[in-house]
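A closer look at the structure
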Amino acid sequence: LPTRDFHINQDLFWDWEQNTLDSFKQAMTTFPNGTEISIALVEDSSTVFRGLQILSDSLKPTNNQNHIFQIGSISKVFTSLMLAKMVEEGQLTLDDPIQQFFEKPLHVEDTIFIQQLANHHSGMKRIPGSMIWQAFWNSSNPYKNFSSEYLEDYLYHTMKLDHEPGEKYTYSNLGAGTLGHILGKIKGASYEELLQEYIAKPLDMTHTSTDHKQWPELLVEGKNAKGKTVPYWELPGLAGAGAIASTTEDMSRFAQYYLRDSSMAVNLQLKETRKINENMSIALGWHILHQVTDHPVFWHNGGTGGFRSSMVVDTMEQRAVVLLSNVSAGHPKAGKIDALSFFLLNEM
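We now turn to the structure provided with this report. (Residues numbered from 1 in each chain as written. Predicted model: local features only at pLDDT ≥ 70, side-chain atom pairs only at ≥ 80, totals over all residues. Heavy atoms only, no water.)

Digging into the overall build of the protein
Note the threshold: A run of H or I in DSSP becomes a helix once it reaches four residues, and a run of E becomes a strand once it reaches two; helices and strands are each numbered from the N terminus. For the radius of gyration, the atoms used are the C-alpha atoms, and the globule rule reads 2.2 Å times the number of residues raised to 0.38. The contact criterion used is simple: two residues touch if any of their non-hydrogen atoms lie within 4.5 Å. Note that accessible areas follow from Shrake-Rupley with a 1.4 Å probe, and for residues the cover is restricted to the protein chains shown. For the purpose of charge, His is not counted, nor are the chain termini; Lys and Arg are scored as positive and Asp and Glu as negative. Charge coordinates come from a single atom per side chain, which is NZ of Lys, CZ of Arg, CG of Asp or CD of Glu.
From N to C terminus, the protein includes 11 helices and 13 strands. Here the protein has a C-alpha radius of gyration of 20 Å; the compact-globule value for 348 residues is 20 Å, and the two agree. If you line up the protein on its principal axes, its C-alpha atoms span 65 × 45 × 40 Å. Across the protein, every contact between residues at least 6 apart in sequence was considered, and the portion connecting residues at least 24 apart equals 67%. By element, 48% of the accessible surface of the protein is carried by carbon and sulfur atoms, the whole surface being about 14600 Å². Averaging the coordinates of the 28 positive side-chain charges in the protein and doing the same for the 40 negative ones gives two points 6 Å apart.

In structure tokens form, the structure reads like this:
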């Protein structure tokens, strides 16, 4: 995609560090008009919010900490926190075979354990094979028709594994979505109800939900790589993999929770379960990065057709960064959102 020089009125960015502004200017040169980024710089007791957008080839600051973005796969961190809280309550264990939560036998003979859904070692495919044609015909909203009923039908009749459970790390939206589905079955509740009960209401996250349509005046438009407006993805059967929408104001509270809380559930979620390589390990939902700073930090990103997000939490230094954007996950430079979050963490 072509790059361009922005017109920037430096006076509008009077409270930005120059090197931070320069980094964002450089990163955003290939993003389309209408791009919006919302930033939370979080410390244990305080948060600084920043926002910027591209309008008519000009880079401008904006107050957008209350604007709603889809956070995509950061939803998996929420799902795993719900899991940890339910383990703390004694409602299940990480070593439970997932078969016991279903009324019919699964289509595979291998035993898959709950923890393997949360740390991407289940052997499940990234997406169900039966979803490929659905996604082809509805590429702007590929999970829309994959319902909870469709998920269970897949698990009972056609599921195949890429490898033996526990053998290796294979990132799986199907696995995380199945985990969210199981948690709902245990509680007799929807994923949205679990989200509100365990996280959103206790943390006063008033604009965090899988039902983004309830706040139409706050919604940021999703953009594809060319800047065309695209819909928020709907994930009725796999909500635990990526259905949540939120704001940086709410997400700052979520980040602070990990900086302040020392409950059994948080400690369980942050505990390393497997080492993937020299650069990364995996906890429950969180990836543990070993080379962003001189000590491990917790990270997850997310992406849908119209959004890209990144969240990194440094529990040792008591700081965190959240970036939410309407940069498409399909944009060839979408990875710059991750890079900016790491840059900002090291600048704090």
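Thoughts on the pairing of strand β11 (residues 297-304)
Rule in force here: Remark: exposure states derive from per-residue accessible area (1.4 Å probe, protein chains only) relative to the maximum for the residue type, with buried under 20%, exposed over 50%, and partly exposed in between. At least two bridges found by DSSP between two strands are what make those strands a pair.
Taking burial as the measure, the 8 residues of β11 include 7 buried ones, the bulk of the element. With 3 bridges connecting them, strand β10 (residues 287-289) and β11 associate as antiparallel partners. Residue pairing for β11: His-287 is matched across the bridge by Trp-299. In this structure, the hairpin formed by β11 and strand β12 (residues 307-314) is closed by a connection of 2 residues.

Things to note about the packing of helix α5 (residues 148-157) against helix α6 (residues 173-187)
The relative placement of two packed helices is expressed as an angle between their axes plus a distance between the axes. Operational definition: Each axis is a line fitted through C-alpha atoms, taken for helices only over the stretch in contact, and angles between the N-to-C directions span 0 to 180 degrees. Throughout this description, any angle smaller than 35 degrees is read as roughly parallel, any larger than 145 degrees as roughly antiparallel, any in the 65 to 115 degree range as roughly perpendicular, and the remainder as oblique. Handedness of each helix crossing follows the sense of rotation of the near helix against the far helix: counterclockwise by less than a right angle gives left-handed, clockwise gives right-handed. Lys, Arg, Asp and Glu make up the charged group, whereas Ala, Val, Leu, Ile, Met, Phe, Trp, Tyr, Cys and Pro make up the nonpolar group; the residues left over, Gly among them, are polar.
The interhelical angle for the contact between α5 and α6, taken along N-to-C directions, is 110 degrees, at an axis separation of 11 Å. In terms of their interaxial angle, α5 and α6 are classed as roughly perpendicular. When the axes of α5 and α6 are compared, the crossing they make is left-handed. Taken together, the residues of α6 that come into contact with α5 (itself represented by Ser-148, Leu-151, Glu-152, Tyr-154 and Leu-155) are Leu-174, Thr-178, His-181 and Lys-185. For the contact of α5 with α6, a count of residues per class yields 4 nonpolar, 3 polar and 2 charged.

Description of the sheet that holds strand β8 (residues 274-275)
By way of backbone hydrogen bonds, the strands of a sheet pair with one another, either parallel or antiparallel. Pairing in this open sheet of 9 strands is antiparallel, and the strands run β3-β2-β1-β13-β12-β11-β10-β9-β8 from one edge to the other. Both edges of this open sheet fall to β3 (58-61) and β8, since each of them pairs with a single strand only. Taken strand by strand, helix α11 (residues 336-347) contacts β1 (36-43), β10, β11, β12 and β13 (319-325), and its axis lies near 30 degrees from that of β12.

Observations regarding the pattern of salt bridges
A pair can form between side chains of opposite charge whenever their charged atoms are brought close. The criterion, for reference: Within this document, salt bridges are pairs made up of a side-chain nitrogen of Lys or Arg and a carboxyl oxygen of Asp or Glu, the two lying within 4 Å of each other.
According to the stated counting rule, one finds 10 salt bridges in the structure shown. Between Arg-308 and Asp-338 there is a salt bridge, with the nearest N and O atoms lying 2.7 Å from each other. Pair noted here: Arg-308 is in strand β12 and Asp-338 is in helix α11, with a separation of 30 residues, a long-range link. Within the structure, one salt-bridge network assembled from shared partners comprises Glu-103, Glu-152 and Lys-185.

So, the packing of aromatic side chains
Describing an aromatic ring pair means giving the distance of the ring centres and the angle of the ring planes. To keep it simple, the criterion reads: Only the six-membered ring of Trp is used, alongside the rings of Phe and Tyr, when aromatic pairs are assigned; centres must lie within 6.5 Å, and planes under 30 degrees apart are stacked while those over 60 apart are edge-to-face, with the rest tilted.
Enumeration according to the criterion identifies 13 aromatic pairs in this entry. Residues Phe-78 and Phe-254 carry aromatic rings whose centres are separated by 4.0 Å and whose planes lie at 10 degrees to one another, so their mutual orientation is stacked. Taken together, the positions of Phe-78 in helix α2 (residues 75-88) and Phe-254 in helix α9 (residues 248-260) put the pair 176 residues apart, joining distant regions of the chain. By relative accessible area, Phe-78 is classed as buried at 0%. Here Trp-299 and Phe-342 contribute two aromatic rings whose centre-to-centre distance is 5.9 Å and whose plane-to-plane angle is 55 degrees, an arrangement assigned as tilted. You can see Trp-299 sitting in strand β11 and its partner Phe-342 sitting in helix α11, a full 43 residues away along the chain. You'll find Trp-299 and Phe-342 in the same group, each marked buried. These aromatic residues form a ring-pair network of at least three members: Phe-78, Phe-254, Tyr-257, Tyr-258, Trp-286 and Phe-298.

Thoughts on unusual backbone geometry
What you tend to see is this: most non-glycine residues have negative phi, and most peptide bonds are trans. At Ser-56, a position not held by glycine, the phi torsion is positive, near 50 degrees. Checked against the element boundaries, Ser-56 lands in the loop between β2 (46-55) and β3. Under the relative-accessibility criterion, Ser-56 is labelled exposed at 68%. Its identity is not glycine, yet Asp-57 carries a phi of approximately 60 degrees, on the positive side. As for its placement among the helices and strands, Asp-57 is situated in the loop between β2 and β3.

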